[in-house]
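Architecture at a glance
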Amino acid sequence: MATDKALISHLYRRAGFGITSELLEELSKKEYESIVDDLVEIDKIPDLPDEDILSRYYPQLQSTDNFGLDNTKWFYRMINSKKPLQEKMTLFWHHVFATGWTKSEQGPTMIDHIAMLRKNCLLNLRTLLTDLASDPAMIFWLDNCENHGKNINENFGRELLELFSMGIGNYSEDDIKEASRAFTGWTFEQPIPLYPYGHFKSQFIFDEEDHDFGEKEFLGNKGNFNGEDIVAIIVKTEACAKFISRHLYNFFVADEPQIPAWSIEPPKDEEAMNILVSTFLNSDADMKEVMKSLFKSDFFKNSMFKRVKCPAEFIAGALKLTSEIGPKDDRLASLHGLSAVMGQTLLDPPTVEGWHTGKEWIDGGSLTERINYAVGLVTDMNNSGSKSLVDNLVNSDKELSAEQLVNLILINAGYLDVSEQTFDQLLDIASKGPTVGNNNDSEDVRDKVIQLYTLLVSSPEFQLA
Amino acid sequence: MVAEKKTKKDPVLVVVQLSGGNDFLNTVIPFTNGIYYDVRNYVGHKEGESLPFTDELAFHPNAEPFREIYKDGKMAIIQGIGYENSSRSHFRAMDIWHTCEPNTVATEGWLAKVIREIDPNSSNPLTAVSFGKGLPRALAAPGVIATSVDNLDNYGLMTSIEDNSQRLANLEVFSRMYTPADEWMGGRHESGVVMNYLANTGSGVLQGADMLKDVPSRYKSSVEYADNSIAKALRDVVRVHTSGLGTRVFYTQHGGYDHHAQEMPAHDRLMGELSQGIKDFLADLEEHEASDEIVILVFSEFGRRMKDNGSGTDHGSGGGAFIIGNKVNGGLYSEYPSIDPSEWLNGEDLKHTFDYRGVYGTLLEQHLGLDPSEIVLGNFEQLSPFK
């Protein structure tokens, strides 16, 4: 059974960073359910062969604390990976477990942190949270290295419950203290000092001497809990299922209010929450199962263009639409700075609360950057994708009516859905000047088609995914 | 019509952010104190090279323009500005300076709240203008519009389109696409809020760009600025300010102060650029009879470690700030932090002597005429640096 191309485009915008026309054609012959199943089974798809070239072009130098190189590689993977959901889930967890380079005495541990998220992104949440608690970047970011058996530091214990797994109102201050006790001794080896040789990674160690082995009472359970036990208890709670489900809904389905409002404002779609929560609990927090049920649900299928793209999605999506980006492409190195200017410095979120999403991505400066970047790409005919967007219409055998022309432009740009107001403006331009089609490859026909794409990528709707 | 008697112009604040953590100890040097020479064995300036301006203090050898401004009585030096438990993270420290919230994480920038006070209905997108890439957090808050200009000579939307008539035609269509509407996306209510927000933001950008487009051609000056980022940004401030577009807050940034290594050549260059840039800026304002309403604040997110590391200095605390302008009563304010090792913070840093929020409060209340308590989130001791 065939699948609607608009739906596949939607799925790939959310589960990845867009789709090429070739892949769209190929997938449209398959059933939607099996497209989703294939997306989730990332273990069956090999890594890109270009990883080797990337690591030689963008080496991680011990002597600098420049994390732009790692973001360069990440953007390359977002655009080209054959398992886009892996990169998208990694970005999702980076939003939730926001950890940053600027508070990191051993910068390169952030690279291991992202690799840890990538490895665990579709596994059981228990594994992911346990690895998160033993991640040196996280340990330093939330001061767990200062969390001692005889003198606890609650920073990690608090955020684990508040921002990483349950949300405010679902635990007591005593639970925070008891959880913190269970994570005492979870620290890292003292790394090689910064001077004179540069930054070195540090490794996790469990320091028995500094661990509080006494009895703890956590969320109504009693025992001589260690960190893993705390994580296991958390993951079984309905509060955790709800919290993660709401995060997933906000990132993959439709913009929700920001986290501090979650304890006051109910979720937008209670029914969707129920589906995600029950899948989460029934599968024992298996993220593959949860993601499959999300993507296959009606609430997902009906959520087209209900999210504002984050800068990483905007940049990777615009490049995927207009260009082929090889591992040696000069432009890759600029993407780290570009997304920072648009408000998202990957590997360096503003706070442990992560980036504020939805319309908070947009201000006058970031909107200008986004529009100018997309316009620059789509008008540059040296970009193979931009050129074929134009060729596709100019080389049409039949004459295209103004309405057909606008509809084809929308389809080629990813089956976009625009408001009547935007459609009418595009239609107005499409009705003027030379007719497009009939293989009329003149310069003014090309200019007109380029103008239509320029306006489309400048439209308010192009900011949405 | 007879020209009206010139009314008093609205006060304007110009912020110069030194990004990376300026080494205050090598900016305003306690040149008669032996401890300075002991701790700054490699990364320091010899007596005779630094530029004395009091019996005990000297400017960086390349900051002669600063000494001249100081001698003119237009520079207040706030010695030892900071806050308790100073953060050594660039990001966190900058955030603390930008939001006035050292203990928890805040989302509203202090200058964004100033814009909201001055222009509550967002009627002028140019009430605050920042030069450089991206909007600093100080200017960001929900519902507040501030304009971020990377290149004033080519500012606005679709600037890559070279054919100007084509670009203008596109902007016409753009303004219609970004007209706020009652019904968006077939009346989907929740999208409507976002779409109207996008529409308002897009219209603001367009309006700001339209107001700024003639600025470069209107400006004439005999002042020749140097070719570096801070000089360009300060020249842009004069260009926009003298166009009379109602801007009350300007934001500029001078980057590169994070000198863990090779500090001597790098900091020398920056000090020259900064001090000359500000001197040229003051001369340019003078030429345009626009000096009296402007006050400049120069700050950095933190100072640097007392002892150098052989090549540079690591992140520290207790830096200094400058308030510059015609209405400033020049001189030294608050105390220079003790450089006696027994009084170093954590055994290695300068200890701040004045809270940065008191400096903001001073500027807000005594210069901009605003109540500072809601903006800086509390009541902090102020200075009296104005005539």
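Residues numbered from 1 in each chain as written. Chains lettered and ligands numbered in written order. Predicted model: local features only at pLDDT ≥ 70, side-chain atom pairs only at ≥ 80, totals over all residues.

Let's talk about the overall build of chain B
Rules: In this text, helices come from DSSP runs of H or I with a minimum length of four residues, and strands from runs of E with a minimum of two, each type numbered from the N-terminal end. As a reference, a globule follows 2.2 Å times the number of residues to the power 0.38, and the radius of gyration itself is taken over C-alpha atoms. Around each residue's C-beta, the other C-beta atoms within 10 Å are counted; 20 or more make the residue buried, 12 or fewer make it exposed, and counts in between make it partly exposed. All C-beta atoms are placed from the backbone. Whether two residues are in contact is decided by their C-beta atoms, placed from the backbone, lying within 7 Å.
Counting its secondary structure elements, chain B contains 11 helices and 12 strands. The C-alpha radius of gyration computed for chain B amounts to 22 Å, which stays within 12% of the reference 21 Å derived for 387 residues, consistent with globular compactness. The dimensions of chain B, computed from C-alpha atoms along their principal axes, are 75 × 50 × 40 Å. Per-residue burial over chain B gives 51% buried out of 387 residues. When contacts within chain B are restricted to residue pairs at least 6 apart in sequence, those whose partners lie at least 24 apart make up 71%.

Considering helix H9 (residues 263–287) of chain B
Put simply, the rule reads: Here the expected length of a helix is defined as 1.5 Å per residue gap, with one fewer gap than residues.
For H9(B), with 25 residues, the first-to-last C-alpha span of 36 Å sits near the 36 Å given by 1.5 Å per residue. Among the residues trailing H9(B), B:Glu289 stands out with phi positive, at a value near 50 degrees.

Observations regarding the packing of helix H8 (residues 125–133) of chain A against helix H12 (residues 227–235) of chain A
Residues and elements named next belong to chain A. To keep it simple, the criterion reads: Orientation is described by lines fitted to C-alpha atoms, with helices fitted over the stretch in contact, and by angles between N-to-C directions that extend from 0 to 180 degrees. Each angle gets one of four labels, with under 35 degrees taken as roughly parallel, over 145 as roughly antiparallel, 65 to 115 as roughly perpendicular, and the rest as oblique. Helix crossings are classified by the rotation of the near helix relative to the far one: an anticlockwise turn of less than a right angle makes the crossing left-handed, while a clockwise turn makes it right-handed.
Contact geometry for H8 and H12: axes closest at 9 Å, N-to-C directions at 140 degrees. Taken together, the axes of H8 and H12 are oblique relative to one another. Viewed along their axes, H8 and H12 form a crossing whose handedness is right-handed. Residues Leu125, Arg126, Leu129, Thr130 and Ala133 of H8 pack against Gly227, Glu228, Val231, Ala232 and Val235 of H12.

Details of the confidence of the model for chain B
Selection rule: For every residue, the pLDDT score states the predictor's confidence, bounded by 0 at the bottom and 100 at the top.
Across chain B, the average pLDDT comes to 90, with 94% of residues at 70 or higher. pLDDT under 50 marks residues 1–5 of chain B. Its contacts with residues more than four places away, or in other chains, come to 0 contacts.

Quick look at the interface of chain B and chain A
Here is the rule we go by: Gly is placed with the polar residues, together with every amino acid not listed as nonpolar (Ala, Val, Leu, Ile, Met, Phe, Trp, Tyr, Cys and Pro) or charged (Asp, Glu, Lys and Arg).
Between chain B and chain A, the contact holds 43 residues from the first and 37 residues from the second. Those elements that provide at least two residues to the side of chain B that touches chain A are helix H3 (90–99), strand E7 (147–149), helix H5 (164–177) and helix H6 (189–212) of chain B. With 11 residues, the single largest contributor to the side of chain B that touches chain A is H6(B). Of the residues contributing to the side of chain B that touches chain A, the split by class is 24 nonpolar, 15 polar and 4 charged.

A closer look at the domain arrangement of chain B
Residues and elements named next belong to chain B. Filter applied, for reference: In this entry, domain limits derive from an automatic or database-based domain assignment.
Structurally, chain B comprises domain 1 (12–153 + 221–376) and domain 2 (156–212). Averaged C-alpha coordinates put domain 1 and domain 2 at centres separated by 36 Å. Each side of the interface is counted separately: domain 1 has 7 residues, and domain 2 has 5 residues. Counted by class, the side of domain 1 that touches domain 2 contains 6 nonpolar, 1 polar and no charged residues.

A short note on the pairing of strand E6 (residues 128–131) of chain B
Residues and elements named next belong to chain B. As a reminder of what qualifies: We call two strands paired when DSSP finds no fewer than two bridges between them.
Side-chain alternation along E6 places Ala128 and Ser130 on one buried face and Val129 and Phe131 on a second face that is also buried. Two strands pair when backbone bridges link them, and E6 and strand E8 (residues 249–254) are joined in this way by 3 bridges, in the parallel orientation. Looking at E8, one finds that Ala128 is bridged to Val249. Note that E6 and E7 share 3 bridges and pair parallel. Its bridge partner lying in E7, Phe131 is registered against Val149.

Observations regarding the environment of A:Ser384
All names here are of chain A. You can see Ser384 is positioned in helix H20 (residues 384–394). Accessibility expressed as a C-beta count within 10 Å gives 12 for Ser384, which makes it exposed. C-alpha of Ser384 to C-alpha of Ser323: the two residues are 61 residues apart in sequence and 5.4 Å apart in space. For Ser384, the contacting residues outside a window of four places in its chain are Ser323 and Glu324.

Focus on the nonpolar core
As a reminder of what qualifies: Joined through C-beta atoms within 7 Å, a set of buried Ala, Val, Leu, Ile, Met, Phe, Trp, Tyr and Cys residues constitutes a nonpolar core.
Counting 246 residues, the largest nonpolar core has A:Ile409 and B:Leu297 as the members making the most contacts within it. Sort the elements by how many residues they give to this core and helix H13 (residues 238–253) of chain A lands first, with 9 residues. Not counting residues up to four positions away in its chain, the partners in contact with B:Leu297 are B:Leu13, B:Val15, B:Val16, B:Ala321, B:Ile323 and B:Leu363.

Considering unusual backbone geometry
Unlike most non-glycine residues, A:Asn439 shows phi in positive territory, near 55 degrees. Looking at the secondary structure, you find A:Asn439 in the loop between helix H22 (420–431) and helix H23 (443–458). Given 11 C-beta atoms within 10 Å, A:Asn439 falls into the exposed group. Of note, the phi angle at B:Glu289 is positive, near 50 degrees, even though the residue is not glycine. Looking at where B:Glu289 falls in the secondary structure, it is placed in the loop between H9 and strand E9 (294–300).

A short note on the packing of H22(A) against H23(A)
All names here are of chain A. At their nearest, the axes of H22 and H23 sit 10 Å apart, and the two run at 170 degrees to each other. Looking at the two axes, H22 sits roughly antiparallel to H23. In this structure, H22 uses Gln425, Leu426, Ile429 and Ala430 to contact H23, whose residues at the interface are Gln451, Leu452, Leu455 and Leu456. Tallied by class, the residues present in the contact of H22 with H23 amount to 6 nonpolar, 2 polar and no charged.

Describing the sheet that holds strand E2 (residues 28–29) of chain B
All names here are of chain B. The sheet built from 3 strands is open, its strands ordered E2-E4-E3 with antiparallel pairing. If you trace the sheet from one side to the other, it starts and ends with E2 and strand E3 (51–52), each paired once. Of the strand pairs in this sheet, E2 and strand E4 (residues 58–59) are connected by 2 bridges, and their pairing is antiparallel. Looking at E4, one finds that Val28 is bridged to Phe59.

What about the environment of B:Ala58?
All names here are of chain B. Mapped onto the secondary structure, Ala58 falls in strand E4. Judged by local crowding, Ala58 falls into the buried class, with 22 C-beta atoms found within 10 Å. Through-space distance from the C-alpha of Ala58 to that of Val28 is 5.7 Å; in sequence the pair is 30 residues apart. Ala58 has contacts with Ile29, Phe31, Ser50, Leu51, Pro52 and Phe53, leaving out every residue within four places of it along the chain.

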